[in-house]
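Understanding the architecture of this molecule
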Amino acid sequence: MTGIWFVIIMTSLWAGSAIVFTQRNTRNLRFVAVIASVIAAIATSLLVPLSSTNSITGLYLGDAFGALSFRVDTMGATLAVIAAVIGCITVIYSLDYMVTNPQQHRYFALVLLFIGAMIGLVLTDSLLMLFFFWELTEFCSYALIAFDSDNPAAATGGIRALLITQIGGLGLLLAALTIYSYTGSYAISTLVANPGLLPDHTLSLVAFGMLAAAAAKSAQFPFHTWLPGAMEAPTPVSALIHAATMVNAGVYLLARFYPAFADVNGWSSAVIAVGVVSAVGAAFLALTATDLKGVLAYSTISQLGYMVYAVGLGDIVASQFHLMSHAIFKALLFLAAGAVIHSAGTRDLSRLRGAGRSMPVTRGVFIVGGLALAGIPIMNGFWSKELILEAGYLHGPVWASGLMLLGVGLTALYTVRVVAVVFFGEAQTGILPAGWMMRLSMGVLAAGVVLSWLLIEPLTAQLAETLPAHDIHVVSLRTLVDDITKAPVTPIALLITGFGAALWMLRGTMAAILTQMDGLKPVMQGDFGFTAVNRHLSGIVTLTGVRLSRLHTGLVNWNIAAAAIGLLVVLVWCIGRAQL
Amino acid sequence: MNGITGLLVLLATGSLLVYVSPQLWTPRASRYLTMICMIAAWILWGITVSSGATDWQIGQIAYVADGVTFAAGTLVLLLGTFVVIYADHEASTNDRADIYYTLLLALVAFMIAVTHAADLFNLWLWFECMAVAAYVLVAFHNQERDALEATMKYFVQSVAGSTLILAGIALLLAETGSVSLAVIRDEASTTTPYLMAGALFVVGFGMKAALVPLHTWLPDAHSQAPASISAMLSGVVIATGLIALLRAIAPLNDANGFGLLLMGIAALNIVIGNLLALRQTQVKRLLAYSSVAHMGYIVLAIGIGLYAGQQTAIEGGLFHIISHGLMKGLAFLASGALLYNLYRVHDRHGTLTIDDLSGAARRYPMASMALAVALFGLGGLPPMVGFMSKWQIFAGGIAAHDTAITILLVIAGLGSIVSLAYYVPVVNSLYRQQMSPVVEQGGASGPIVNRTIGVLAFVIVITGLLPGLLDWLVQTAGTALAASFGL
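About the cut-offs
Residues numbered from 1 in each chain as written. Chains lettered and ligands numbered in written order. Predicted model: local features only at pLDDT ≥ 70, side-chain atom pairs only at ≥ 80, totals over all residues. Heavy atoms only, no water. Helix = DSSP H or I, 4+ residues; strand = E, 2+ residues; numbered from the N terminus. Rg over C-alpha atoms; globule rule 2.2 N^0.38 Å. Buried < 20%, exposed > 50% of the residue type's maximum accessible area, 1.4 Å probe, protein only. Contact = heavy atoms within 4.5 Å. Areas by Shrake-Rupley, 256 points an atom, 1.4 Å probe, with all protein chains shown as cover. Lys, Arg positive; Asp, Glu negative; His and termini not counted. Charge placed at Lys NZ, Arg CZ, Asp CG, Glu CD. Buried area = accessible area lost by both parts, 1.4 Å probe. Salt bridge = Lys/Arg side-chain N within 4 Å of Asp/Glu carboxyl O. Axes fitted to C-alpha atoms, helices over the stretch in contact; angles between N-to-C directions. Parallel < 35°, antiparallel > 145°, perpendicular 65-115°, else oblique. Nonpolar A, V, L, I, M, F, W, Y, C, P; charged D, E, K, R; others polar. 1 Å grid on protein atoms, 1.4 Å probe; cavity = no way out; pocket = protein on both sides within 12 Å on 5 of 7 lines; lining within 4 Å. Points joined across faces, edges and corners; volume = space filled by probe spheres on them. Patch = residues over 30% accessible without salt bridge, like charges linked within 9 Å, V, L, I, M, F, W, Y side chains within 5 Å. pLDDT = per-residue confidence, 0-100. Phe/Tyr/Trp six-rings, centres within 6.5 Å; stacked < 30°, edge-to-face > 60°. Lys NZ or Arg CZ within 6 Å of the ring centre and 35° of its normal. Expected span 1.5 Å × (residues − 1). Core = buried A, V, L, I, M, F, W, Y, C linked by side-chain atoms within 4.5 Å. Polar contact = N/O pair within 3.5 Å; in protein donor to acceptor, adjacent residues only side chain to side chain.

1. Re the overall build of chain A
Broken down by element type, chain A carries 25 helices and two strands. At 25 Å, chain A has a C-alpha radius of gyration in line with the 25 Å of a compact globule built from 580 residues. Counting all 580 residues of chain A, 59% fall into the buried class. Contacts in chain A between residues far apart in sequence, at least 24 positions, make up 80% of those at least 6 positions apart. When the accessible surface of chain A is totalled, it reaches about 21,000 Å², and 68% of it is carbon and sulfur. Charge centroids of chain A, computed over 26 positive and 24 negative side chains, lie 12 Å from each other.

Dropping the structure here:
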């Protein structure tokens, strides 16, 4: 039964993608795209009750490739539903957003291809297919960032995103094949159930390889630089790929393999460190970002940092719960931001002053999303973030807890800043309200922000049932409310949130202090120097190419000389090996 | 007479008939006759493959048909068929379709013959015959100075390689009194004459297989030849050079040493090929440098397989020969279609630059899509076959559990990532909204060309989704190659 649903999901998305790509009639292709994404969303939702611990093996791919196998447990199923449902909402939103774009066939085809790849990524039980879908999502991400390749920034942003995530992906490739070479099986569940199959030092290399892959995919320090550049993508794509789904794949990977790596020396601490540095560092950067989507991008890095931190603490429930909340509220924030950008024609915060004032629906839902991001009760973001902070307080190092609380204050400050600048103040003229499809999509997500946390009990119950190796405790709604309201860290966090928000009111005084620290501004806007590091690295590679090309004179004499040297070296090598 | 002898006779006589046919019948006779020959060749090839591995002698000349023969021969015939169907517009420039098809057919025939040779002399002889056809085809646009210069370089360096091969053969003949691979295998030991002969083969055939630093002729030759010929040269001719190299060193009983040597050379190929391709602005030249890098992946896999006794790695290398052949073939055919529509249709001889391609997808959706599929496949992205063949190379390498090999694999992986930095701008250019002036004035695309490259793109995606389709070919070849090295 599960297998049939899986086939229906993948066929509707990928066949839909192929039809959309080849269809020249815009009306038809938009229709097909919506139908395909709706079918996939419904079918994926129906998969959740079917989740179990069983692997289902399908098509045999070849001796070196194993079989196409997948496993619908609740961790995968939740992410698949997020991908399919938010994917469907994005497609519907894009009907308005992309209405005048002449290359809609390519856009919708890539979005559908991406949704399928993301669902495959979280449901597969084969290491090869995991890497296959991992790379496929990267490809879709690149192609959609560079969608408007007439714009040089989009083209560069796309290439940068692809290359950086690929460098991390190399870690996954080597880790996956190392696991295969020791266990003789591509099944992910084999290693998770029995990490002792790998020698200790090998397991530790595998664990850190996966951490690199996850950090690159989830835009964590030091690989985070691609995400701000990815904001050149059409905004619905930023909402879907770069906020709600693909960037979660890194967190998913860590959570999936957590039982295998938990005992690896230093791994948990490294994961915590990556999470904390990303959460706090990116929150600082979000304060100084000058474009609306840039703020949201840094905020995504920061929130993903919280999830990574939770995995490092071993609290898979908190991590998954925040992942779900974040996917919904960040998608909402991006779609609302997209509506403003679409109307105002710019992403620059200084030119967006008051732009959202005359868009009542958009303004309302953005504030709802903002409240969730800042962690204000009773939005979904409040519950999930408090769960993480509580876990940190109970099980984590003190320095990490302290920094994460600082991050909470920064989050409140940058959220208030964006809301105040874009949606308050003097209204701009000539701003049209968002289209009907856009408002519908945002309304659905806003409802999700207010209500999704009520799902905690079925979510954790099913997680506990289908992930025996992950040591998951069921959290009922009542315990959640009790725990959070009684936890000592909750009032502290709320206080810091309030203080962070209040700092905005004091911005006049703050500005005076900040002018003293003007020297820091270029450092912050240069991404703490990471942009320069990237530039230098690519510069070195290109320069080496230039130097090497000087050896290629195109003159036959030199060519033969090179060949003669080659001959000499090979002869010496071979004769050196000879037994005289 | 068995299937393969029939096939070679067919292609050899066919090639002569193709040459005279336009005088006897209509001008287009050479094209039709070539197609008939290819169909007949497929039938005979089917008989050969289905009757399994065998060896036989014609007089003193020994032949072998094993897994390597089947894999290489199938790829040569497959790509050859696509090229023949595609080539109509390219062959008819210069009004020399007769020469074009004659040499193309000869190229295919001699390449298949190379893979059958079981003694060194024939290996060398068939290879030289093939090379002669290749020289003339590179110079097909013989009114262009650059094409002639490229041919000269190719010719000079290739002949230098041939001399070294002959010297190696002479050494072995003096030592064993025979050129038969079987006899040499029985006699060979790790002593100076044998290893010196091996060194001469590695450099001699390495020249033809574009191993660094012997690759310097390739970027010129592969970018100046007509695109369909570049597809054959980059797709299969250099790989045939590698297969001849492996055939020649296999009996020397030093899999470990040659494996190590090949691994070192492979690293150079990967680094040099990828870094030099980064700076290219001409599409065909970029593809040529990418071939240098891809020979690196293939040689790395086979080197690891020989050094560490990993058959998965050897199979990965052979799989990559097939997958690279298809993808590079498609890349050249698709860029050739664009080159033709943008330049040659107006009788202009330009080189296709990345900027020329701006907006091409709007007017040439099929050629652009096919080029994108080929380039992403070469970059190792799914769902193209290049992803799977690279995966298998890595799988074989990691399984060796050797730190040095893992470091080489990391270099290969980084090389593959760098390669995306030069493939991707080409695709970005194709899918721009703003059309370049040459695209705006470009001619209409031909339906046959579009269908040919469309089918080839489909093959690349299907084998990428279902790599097991090629298992039988790759595995028999891997077993045969490993066995020939005594593994």
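2. Things to note about the interface of chain A and chain B
Taken together, the contact between chain A and chain B spans 62 residues of the former and 70 residues of the latter. Between chain A and chain B the total buried area reaches about 5,800 Å² when both faces are included, carbon and sulfur atoms providing 75% of it. For the chain A face of the interface with chain B, the top three residues by lost area are Phe 65, Phe 132 and His 552 of chain A, together amounting to 10%. Between the two partners, chain A and chain B, sit one salt bridge.

3. Brief notes about the packing of helix α3 (residues 74-97) of chain A against helix α4 (residues 104-123) of chain A
Helices that pack against each other are described as a pair by the angle of their axes relative to one another and the distance between those axes. Residues and elements named next belong to chain A. Their axes nearest at 8 Å, the elements α3 and α4 cross at an angle of 170°. In terms of orientation, α3 and α4 fall into the roughly antiparallel class. Taken together, the residues of α4 that come into contact with α3 (itself represented by Gly 76, Ala 77, Leu 79, Ala 80, Ala 83, Ala 84, Gly 87, Val 91, Ser 94 and Leu 95) are Tyr 107, Phe 108, Val 111, Ile 115, Met 118, Ile 119, Val 122 and Leu 123. Among the residues making up the contact of α3 with α4, the classes are represented as 15 nonpolar, three polar and no charged.

4. Things to note about the pattern of salt bridges
Here the structure, examined in full by the defined rule, presents 16 salt bridges over all chains. Here Asp 73 of chain A makes a salt bridge to Arg 256 of chain A, at a shortest N to O gap of 2.7 Å. Placement of the pair is Asp 73 of chain A in the loop between β2 (66-71) and α3 and Arg 256 of chain A in helix α11 (residues 248-261), with a sequence separation of 183 residues. For the pair Asp 73 of chain A and Arg 256 of chain A, a shared accessibility class is recorded, and that class is buried. Asp 66 of chain B is the salt-bridge partner of Arg 247 of chain B, the closest N and O atoms lying 3.0 Å from each other. Residue Arg 247 of chain B is located in helix α11 (residues 227-249), and its partner Asp 66 of chain B is located in the loop between β2 (61-65) and α3 (67-86); the two are separated by 181 residues in the primary sequence. Overlapping salt bridges, with partners in common, bring together Arg 145, Glu 149, Lys 153, Asp 220 and Arg 285 of chain B in one network.

5. Observations concerning empty space enclosed by the protein
On inspection of all chains with the given rule, the structure shows seven cavities of 30 Å³ or more. Reported here for the largest cavity is a volume of approximately 180 Å³. Forming the walls of the largest cavity are 15 residues, and the residues nearest its centre are Phe 131, Glu 135 and Leu 173 of chain A together with Gly 380 and Ser 416 of chain B. Elements supplying a minimum of two residues to the lining of the largest cavity: α5 (127-145) and α6 (152-183) of chain A together with α17 (385-398) and α18 (403-430) of chain B. Among the residues forming the lining of the largest cavity, the class breakdown is seven nonpolar, six polar and two charged. One number sums up the size of the second largest cavity: a volume of about 80 Å³. Across the lining of the second largest cavity, the residue classes tally to five nonpolar, three polar and three charged.

6. Thoughts on a nonpolar patch on the surface
Residues and elements named next belong to chain A. Taken together, the side chains of Met 1, Ile 4, Ile 8, Phe 31, Ile 35, Ile 39 and Leu 50 present a nonpolar region at the surface, about 650 Å² in accessible area. Of all the secondary-structure elements, those providing two or more residues to the nonpolar patch are α1 (2-22) and α2 (26-47). The leading source of residues in the nonpolar patch is α2, at three residues. Residue position: Ile 4 is located in helix α1.

7. Some remarks on the confidence of the model for chain B
Of all residues in chain B, 99% have pLDDT values of 70 or greater, and the mean over the chain is 93. Under the prediction, the complex receives an ipTM of 0.94, its pTM being 0.95.

8. A closer look at the packing of aromatic side chains
Think of a pair of aromatic rings as described by two things: how far the centres are apart, and how the planes are tilted against each other in angle. Taken as a whole and assessed by the stated rule, the structure comprises 34 aromatic pairs over all chains. An angle of 35° between the planes, with centres 5.8 Å apart, marks the rings of Phe 131 of chain A and Trp 391 of chain B as tilted. Taken together, the residues Phe 131 of chain A in helix α5 and Trp 391 of chain B in helix α17 connect one chain to another. Exposure class is identical for Phe 131 of chain A and Trp 391 of chain B. Each is buried. Put simply, the rings of Trp 14, Phe 131, Phe 132, Phe 133, Tyr 180 and Tyr 186 of chain A together with Phe 387 and Trp 391 of chain B touch in pairs and so form one group of aromatic residues. Sitting over the face of the ring of Trp 134 of chain A, Lys 217 of chain A holds its NZ or CZ atom 4.6 Å from the ring centroid. For the cation-ring pair, Lys 385 of chain A lies above Tyr 306 of chain A, with the distance from its terminal atom to the ring centre recorded as 5.6 Å.

9. What to know about helix α14 (residues 316-344) of chain A
Residues and elements named next belong to chain A. Helix length check: α14, at 29 residues, gives a terminal C-alpha distance of 41 Å against a target of 42 Å (1.5 Å per residue), a fit within 8%. Counting buried positions along α14 gives 26 out of 29 residues, so the element sits mostly inside the fold. Immediately beyond the C-terminal end of α14, within one or two residues, lies Gly 345, with a positive phi of roughly 75°.

10. Section: the nonpolar core
With 419 residues, the main nonpolar core has Phe 257 and Phe 261 of chain A together with Tyr 100, Ile 112, Phe 201 and Leu 242 of chain B as its most contacted residues. Considering every element that reaches this core, the biggest residue donor is α14 of chain A, with 19 residues. Sequence-distant contacts of Leu 242 of chain B, defined by excluding residues within four places in its chain, comprise Ala 209, Met 295, Ile 298, Val 299, Ile 302 and Ile 321 of chain B.

11. Side note on the side chain of Ser 299 of chain A
Residue and element names in this part refer to chain A. Mapped onto the elements, Ser 299 comes out in helix α13 (residues 292-313). On the basis of relative accessible area, Ser 299 is assigned to the buried category, the value being 0%. A polar contact of 3.3 Å, which involves the side chain of Ser 299, links it to the side chain of Tyr 414. Beyond its immediate chain neighbours, meaning those up to four positions away, Ser 299 contacts Ala 286, Lys 330, Leu 373 and Tyr 414.

12. Details of helix α12 (residues 255-277) of chain B
Side chains that are three or four residues apart share a direction in an α-helix, a result of its 3.6 residues per turn. Along its 23 residues, α12 of chain B runs 32 Å from first to last C-alpha, staying within 8% of the 33 Å computed at 1.5 Å per residue. Taken across its 23 residues, α12 of chain B has 18 buried, putting it largely inside the fold.

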